[in-house]
Structures are given as structure tokens and as C-alpha cells.
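One letter stands for each residue in the lines below.
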Amino acid sequence: MSDNLYDTIIIGSGPAGYTAAVYAGRANLKTLVLEGIERGGQLMITSEVENYPGFPQGVQGPELMEHFRAQAERFGATLKSVLADKVELKQGAPFKVTAEGVTYTARTMIVATGATARFLGIESELAYKGKGVSACATCDGFFFRGKEVAVVGGGDSAFEEANFLTKFASKVTLLHRRDTFRASKIMVDRAKANPKIAIKPFVEVAEVYGENQTGTVTGVKLKNTETGAIEDFPVQGLFIAIGHVPNTELFKGQLDMDETGYLVTKPGRTATNIAGVFAAGDVQDHYYRQAITAAGSGCQAAIEAERYLENL
């Protein structure tokens, strides 16, 4: 096997990618992981992870991903912190992927490029990301026990986040640009019936501000979408729930996707429409979006790749 020909190439380095590398390495597959420039996925911007099994006291997101990475290396995977910028899949195996001018080939491929949470795109939001600004209530809601928080959005995910946060927060305010919602009627009705949820329409977040010494959020400036008036709105947490974008641009025209860009896999499997190409993690899962489910599908993808090669 030539130096640049691998049994499997894994594109992506979150829980799905690294878990796939662990299982592929243990199966004695020659494995390459193209980690991207920001290796480790979304957990690299998550402060404390309390819901990953095996860490009863919790673990910092970056520390958890370093454990994943070290385990992948231990089982022989080659890891490169480079960004894949071109793939050739439609001609079948060997599949080709180019990263920073170097072309690698593989008998199978596992796509684990994940998804990116949509944020508002304002500078102050970035400054407080992980310090009171979050895009995952399931991940971070626990840290806001007894506090007042706000959720930005008008779809089902925003209403789901708001309802979930009432388990911890003393008050949840849903902020939306309009007074009509994309969310299903049952979700809206449920929120309106919840005494801990308030809905504040016709506003958008203009700025996030906080305590300089602790670096934590203490409020937001809201702009009225009808009058343009600015008001201060004190909150201790801001959750952005305006959707996710799957990182699938690289695969357009080659791998089947749904209408929102998520890769389509066979029911209960990680196999894509191209034999020998598999997809794992948030790039094909817009429902669970958890580190543990991503890791599980990374395991599945590696096992499928191994069995695919056995059957050739």
C-alpha cells in the first residue's frame, strides 16, 4: 500500500471522527484523520461537559477531546491538522481527498465534518461565547440553575430550548423579531402555558454585555424591530436557537443530502449513497446533536467500513 493510500480516511475530528479512528485503528485499518484547522469540533468551545459518561465530576470540553485524540493516536491513526478542500467520490474507490495541496486516497471514507451552530454574528456575542452565551441548552442549561436567561429564535428548536431551560432557570424569556413563529402550534401553546416562560416579540439582540471582572453575561441590549428603540434587558445567560448549518459544502453534488444540507444515510446505518463512503455525527444527525451520540455513530461507521472492506 503506497504511503498516501489508506484503508480509510476520516474527514473531521469531533467525537464522531476520533471514535471512528479508534475503532478503525483497533481493526488494523491504515487510518488517516484530516482534522481540519480547528480540531476537536464543537466541544472545543464548550467549557464544562457534565453529561458525558465516565466523568462523574464533569470534564472541560477541550480536555475531553484531547483524550479522544490521544486514544486515536494510540491505536495507530495518522492525524493531520489540515483542512480538506476537495473530494472525488463519484468515480468510486479509491476515493480521493485533497488537503492543502496534497492528495490522499482511500478504499473507504468516513465523513464526520459535523455541523456549526448559527450565531447572531455580532462582535459582543463572540466575546461571551462559553461565558453565558451558548447554542446548546442540553449541554449548558444546568449551569443556569436559579438564574434568568433568554432564548433567541422562533422555531421549534427555540421553544424546545426554552421549555428545557425551565428545569433550571428561574425565568426564561423568548426573544423574537416578530410576533408570529415558525414553531408548531403545540410548542407555542406549551410555552405560553408555562409560568416560567415569557415571550418578548419585535426585538433583536444588538449587543451582549457583562461583568468585566468575571467575564460573565449580565444583560443584553435589545433593539425594537418596529421602532428602532434600544432597551437594556438584564439576563445571566443567552441561548441562541436559530438553527445549525451542516458542514457539507465539500460534498455537494456527490453525496445525497436532505433539503437543509444534512447527509442522508441508510436507515439505522451510516452508509451513504456511494458504496464505501459513510457519514457519522452531526453532519447526518440534526435530531440528537450530542457528543455521546456522535461518538456512537463514529463507532458504527468504522465497523461498517471494516465490514465493507472484508466483503470486497
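In short, a report on the structure. The model shown is predicted, which means the values in this text are computed figures rather than measured ones.

Before going further, it helps to examine the nonpolar core. Across soluble globular proteins, nonpolar side chains have a tendency to be buried as a group. Counting 31 residues, the largest nonpolar core has Tyr52, Leu64, Phe68 and Ile110 as the members making the most contacts within it. Secondary structure elements with two or more residues in this core: α1 (15-26), α2 (61-74) and α7 (291-311). Among the elements that take part in this core, α7 stands out by supplying seven residues, more than any other. Excluding residues within four positions of it along the chain, Tyr52 makes contact with Leu64, Phe68, Ala291, Ile292 and Ala295. Judged by nonpolar contacts, the second largest core, of 23 residues, contains Ile9, Ala84, Ala99 and Leu255.

The next subject is the sheet that holds strand β13 (residues 197-200). Judged by pairing direction, the sheet is parallel, and its five strands sit side by side in the order β10-β17-β11-β12-β13 without closing on themselves. Both outer strands of the open sheet, β10 (133-134) and β13, are each paired with one neighbouring strand and no more. Where strand β11 (residues 148-152) lies against strand β12 (residues 171-175), five bridges are found, and the strand directions are parallel. Within β12, the residue paired with Ala150 across the bridge is Thr173.

This part covers helix α5 (residues 156-165). All buried positions along α5 are accounted for by Ala158, Phe159, Glu161, Ala162, Asn163 and Leu165. On the buried face of α5, the contacting elements are α4 (137-140), β11, β12, α6 (185-193), β13 and β17 (237-240).

Another aspect to go through is α7. End to end, α7 covers 30 Å across 21 residues, agreeing with the expected 30 Å (1.5 Å per residue, within 8%). All of the buried residues along α7 are Ala291, Ala294, Ala295, Ser297, Gly298, Cys299, Ala301, Ala302, Glu304, Ala305 and Leu309. Where α7 is buried, its residues meet β1 (5-11), α1, α2, β8 (102-111) and β19 (277-279).

Look at α5 against α6: their axes get within 10 Å of each other, and the N-to-C directions meet at 30°. Taken together, the axes of α5 and α6 lie roughly parallel to each other. In this structure, α5 crosses over α6, and the sense of that crossing is left-handed. Between α5 and α6, the contacting residues are Asp156, Phe159, Glu160 and Asn163 on the first element and Met187, Val188, Arg190 and Ala191 on the second. Residue composition of the contact of α5 with α6, grouped by class: four nonpolar, one polar and three charged.

A few words now on the sheet that holds strand β14 (residues 203-211). Taken together, three strands build an open sheet; the order of strands is β14-β15-β16 and the sheet is antiparallel. Looking along the sheet, the strands with just one partner apiece sit at the ends: β14 and β16 (230-234). Averaged over all neighbouring strand pairs, the angle between strand axes comes to 30°, with direction disregarded. Here eight bridges tie β14 to strand β15 (residues 216-224), and the two strands are oriented antiparallel to one another. Paired with Val205 across the strands is Leu222, a residue of β15.

Throughout the structure, instances matching the rule amount to one disulfide. Here Cys136 pairs with Cys139 through a disulfide, and the sulfurs are 2.1 Å apart. Judged by the sign of its S-S torsion, about 70°, the bond between Cys136 and Cys139 is right-handed. Take Cys136: its relative accessible area is 18%, and that puts it in the buried class. For Cys139, a relative accessible area of 25% gives the class partly exposed.

Calculation criteria
Residues numbered from 1 in each chain as written. Predicted model: local features only at pLDDT ≥ 70, side-chain atom pairs only at ≥ 80, totals over all residues. Heavy atoms only, no water. Core = buried A, V, L, I, M, F, W, Y, C linked by side-chain atoms within 4.5 Å. Buried < 20%, exposed > 50% of the residue type's maximum accessible area, 1.4 Å probe, protein only. Helix = DSSP H or I, 4+ residues; strand = E, 2+ residues; numbered from the N terminus. Contact = heavy atoms within 4.5 Å. Pairing = 2+ DSSP bridges. Expected span 1.5 Å × (residues − 1). Axes fitted to C-alpha atoms, helices over the stretch in contact; angles between N-to-C directions. Parallel < 35°, antiparallel > 145°, perpendicular 65-115°, else oblique. Left-handed = near helix turned anticlockwise from the far one by under 90°. Nonpolar A, V, L, I, M, F, W, Y, C, P; charged D, E, K, R; others polar. Disulfide = S-S within 2.5 Å.

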